[in-house]
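Coordinate inspection notes
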Amino acid sequence: MLPLGTLRKRIEPVVLCAQIASAFFDTGLQMVVKEQCAIATDALNPTPTEDSRQKAMSNFYMIYNMLSKFVPILPAIILSKVSDLGYRKIPIVIPLVGYLVSRVVLLLVIVMDLPIQAMFGGVVVHGLSGGFCSYWAGVMALVSLTSTEEDRSLHMMQMELVYGIAGLIGSLVSGHLFQLYSVDFKQGTVLVSLSVFLYFVCLVYTMFIFLMPTVSPSAQERNETNGIDTQYSKNILNILLLFAGGILFDVAVGGGMEILVTFEMKEPLNWNATQVGYGNAAGFLVFLTSFLGVMVMSRWVSDVTLIIIGMVSFAAGIYFMAFVTATYMFYLARALTLFALIPMPTIRALLSKQVNGSSYGEFYNTSSIIQIASLAYTPIYTKVYQATLDWFPGFVFTLSSIFTVLATIPVRYDIISPYHHT
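The structure presented is a predicted model; accordingly, all values stated were derived computationally and were not measured.

Parameters and conventions
Residues numbered from 1 in each chain as written. Predicted model: local features only at pLDDT ≥ 70, side-chain atom pairs only at ≥ 80, totals over all residues. Heavy atoms only, no water. Helix = DSSP H or I, 4+ residues; strand = E, 2+ residues; numbered from the N terminus. Buried < 20%, exposed > 50% of the residue type's maximum accessible area, 1.4 Å probe, protein only. Contact = heavy atoms within 4.5 Å. Areas by Shrake-Rupley, 256 points an atom, 1.4 Å probe, with all protein chains shown as cover. Phe/Tyr/Trp six-rings, centres within 6.5 Å; stacked < 30°, edge-to-face > 60°. Polar contact = N/O pair within 3.5 Å; in protein donor to acceptor, adjacent residues only side chain to side chain. Patch = residues over 30% accessible without salt bridge, like charges linked within 9 Å, V, L, I, M, F, W, Y side chains within 5 Å. Salt bridge = Lys/Arg side-chain N within 4 Å of Asp/Glu carboxyl O. Arc of directions from axis to C-beta. Axes fitted to C-alpha atoms, helices over the stretch in contact; angles between N-to-C directions. Left-handed = near helix turned anticlockwise from the far one by under 90°. Nonpolar A, V, L, I, M, F, W, Y, C, P; charged D, E, K, R; others polar. pLDDT = per-residue confidence, 0-100.

Things to note about the overall build of the protein
Scanning the protein for helices and strands turns up 17 helices and zero strands. Considering the protein as a whole, with its 422 residues, one finds that 54% of them fall into the buried category. At a minimum sequence separation of 6, the contacts of the protein that also span at least 24 residues come to 84%. When the accessible area of the protein is evaluated, it comes to approximately 18100 Å², of which 70% is carbon and sulfur surface.

The structure is reproduced here in structure tokens:
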């Protein structure tokens, strides 16, 4: 058991609690969007169809996701500068405030019957606070600050594991909690209230209990020296190839997963809250299998080979997802993606070895470039999905599979570099 002083220097409790709260929110939002889009569509159309409801849902998520990616760009840049001045708590605390406010907005939508478009205001507040990009870059900078270059990949994967286990737990119970209601509380009130409470606990813990880990002067000097020494030895081609592979893979994963949220709500799946929670849990289970994959395979293969294995795993699973017509087939497709979360943390770790590893700004720059590229795929995937609803709803998942295969090309070319071998 860790001493209290040591525990107060660990960021893992915040990540665990915040991700459980996030899993609660995701299930709640998905069910509320489904319900309100169905009501709105039925009111506007005398003969509403499943396709019209799907288009309403996908349009909502298109706007919501684009706001969540675009709005945080400038605030996150500001927070990165503040963090690199030494105020490393700020990029974690401020986004947690935004998370808390946006979750309160969803609670008001449920309790006060506000239109679902009110969530656009919530996601803007969340974005102005720096969003997930700032929050996770802040967490990863802390992880890097307390780890050596040799074990940085493993430490980052361990943090991803904590994140995944928390999401798994939260998702498994979220569907059941959503369905709790009484005469005084509407369906979803208990679930979202718990999400708000957990974010409040995270905020209080981070502000008043969590102690920033300190780095010895010698370690700090070593980080700074490494940053100077490698300034002239960076292999620009390797960096560009990793970025190209990372962006293509992020497009494939992000676009596919955004549409999957809507795809689950249409026939023949047409999931209820419990099934949505279990489906989300299956996604978070991939964090565990990916972590175990890294632990086992990293002994014999290079980081770049691990990246390719993860990409092939996702390409196979998302291609199978295109032909899913029953819930059991969904889980079979998910099973094929068991290593799908290996590539991005490994790519970030490889890139961090080229720079001052404890710099928040470098972690943000890596995330922000990929995030800006993702602004393009959200509307494209949405419109392609809407255009193919009649003849092949899973067509977008085949696109994701193709993009993933393309992502392996720059990474595979990069494998000849001895810099990447472990």
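A closer look at the packing of aromatic side chains
Scanning the entire structure with this criterion turns up 23 aromatic pairs. The interplanar angle of 55° and the centroid separation of 5.3 Å between the aromatic rings of Tyr-163 and Phe-287 together place this pair among those described as tilted. In this pair, Tyr-163 sits in helix 8 (residues 152-178) while Phe-287 sits in helix 12 (residues 273-297), placing the two residues 124 residues apart along the sequence. Of the two residues examined, Tyr-163 and Phe-287, each falls in the buried class. Ring centres of Phe-392 and Phe-395 lie 6.3 Å apart, and the angle between their planes is 65°; this geometry places the pair in the edge-to-face category. Counting every residue linked through ring pairs, the aromatic cluster contains Tyr-99, Phe-132, Tyr-135, Trp-136, Tyr-163, Tyr-199, Phe-284 and Phe-287.

Description of the side chain of Thr-41
Topologically, Thr-41 is positioned in helix 2 (residues 12-44). Engagement of the side chain of Thr-41 in a polar contact is seen with the backbone oxygen of Cys-37, the distance being 2.7 Å. Those residues within four positions of Thr-41 in sequence are excluded, and the remaining contacts are Pro-48, Ser-52, Arg-53 and Ala-56.

Quick word on a nonpolar patch on the surface
Side chains of Leu-85, Tyr-87, Ile-90 and Ile-94 sit close together on the surface and give an oily, nonpolar patch of about 410 Å² of accessible area. You can see Ile-90 is positioned in helix 5 (residues 90-112). The exposure class of Ile-90 is partly exposed, given its relative accessible area of 33%.

A few points about helix 6 (residues 118-128)
Residues of helix 6 that are buried include every one of Met-119, Phe-120, Gly-122, Val-123, His-126 and Gly-127, and no others. The buried residues of helix 6 all sit within an arc of 160° when viewed along its axis, so they share a single face. In this structure, the buried residues of helix 6 make contact with helix 2, helix 3 (50-70), helix 4 (73-84), helix 5 and helix 7 (131-145). A positive phi of about 110° marks Gly-130, the residue just after helix 6.

Digging into the side chain of Ser-22
In this fold, Ser-22 is placed in helix 2. Filtering out sequence-adjacent residues up to four positions away, Ser-22 remains in contact with Arg-103 and Tyr-199.

Comments concerning the packing of helix 5 against helix 7
Between helix 5 and helix 7, the least distance of the axes is 8 Å, while the angle of their chain directions is 145°. Note on packing geometry: the crossing formed by helix 5 with helix 7 is left-handed. Along its contact with helix 5, which presents Pro-91, Ile-92, Pro-95, Leu-96 and Tyr-99, the element helix 7 presents Gly-131, Phe-132, Ser-134, Tyr-135, Gly-138, Val-139 and Leu-142. The class makeup of the residues in the contact of helix 5 with helix 7 is nine nonpolar, three polar and no charged.

Comments concerning the confidence of the model for the protein
Detail in the predicted coordinates should be disregarded across regions flagged by low pLDDT. Scored by pLDDT, the protein comes out at a mean of 86, with 85% of its residues at no less than 70. Here residues 221-233 is a poorly scored stretch, pLDDT under 50, and it has five contacts once near neighbours within four places are set aside; other chains count. Under a pLDDT of 50 for its full length, residues 416-422 has, in the predicted model, 18 contacts with residues more than four places off or in other chains.

What to know about the environment of Leu-29
Along the polypeptide, Leu-29 turns up in helix 2. Look at Leu-29 and you get buried, because its relative accessible area is 4%. It is 7.3 Å that separates the C-alpha atoms of Leu-29 and Leu-106, two residues lying 77 residues apart in sequence. Look past the residues within four positions of Leu-29 in its chain and what remains in contact with it is Phe-60, Tyr-61, Tyr-64, Leu-106, Ile-116 and Met-119.

Brief notes about the packing of helix 2 against helix 5
Viewed as axis vectors pointing N to C, helix 2 and helix 5 meet at an angle of 30°, and their least axial separation amounts to 11 Å. The handedness of the crossing between helix 2 and helix 5 is left-handed. From helix 2, Val-14, Ser-22, Phe-25, Gly-28, Leu-29, Val-32 and Gln-36 reach across to helix 5, where they touch Leu-96, Ser-102, Arg-103, Leu-106, Val-109 and Ile-110. Tallied by class, the residues present in the contact of helix 2 with helix 5 amount to eight nonpolar, four polar and one charged.

Examining the environment of Ala-340
By the element assignment, Ala-340 lies in the loop between helix 14 (327-336) and helix 15 (343-352). Separated by 32 residues in the primary sequence, Ala-340 and Ile-308 place their C-alpha atoms 9.7 Å from one another. Contacts of Ala-340, omitting those with residues within four sequence positions, involve Phe-249, Val-286, Ser-290, Gly-310, Ser-313 and Phe-314.

Structural notes on unusual backbone geometry
The omega torsion across Glu-267 and Pro-268 is 10°, close enough to zero to call that bond cis. Tracing the sequence through the fold places Pro-268 in the loop between helix 11 (236-263) and helix 12. Unlike most non-glycine residues, Asp-113 shows phi in positive territory, near 55°. Among the structural elements, Asp-113 can be located in the loop between helix 5 and helix 6. What makes Asp-113 exposed here is its relative accessible area of 56%. A positive phi angle, close to 50°, is found at Asn-270, a residue other than glycine.

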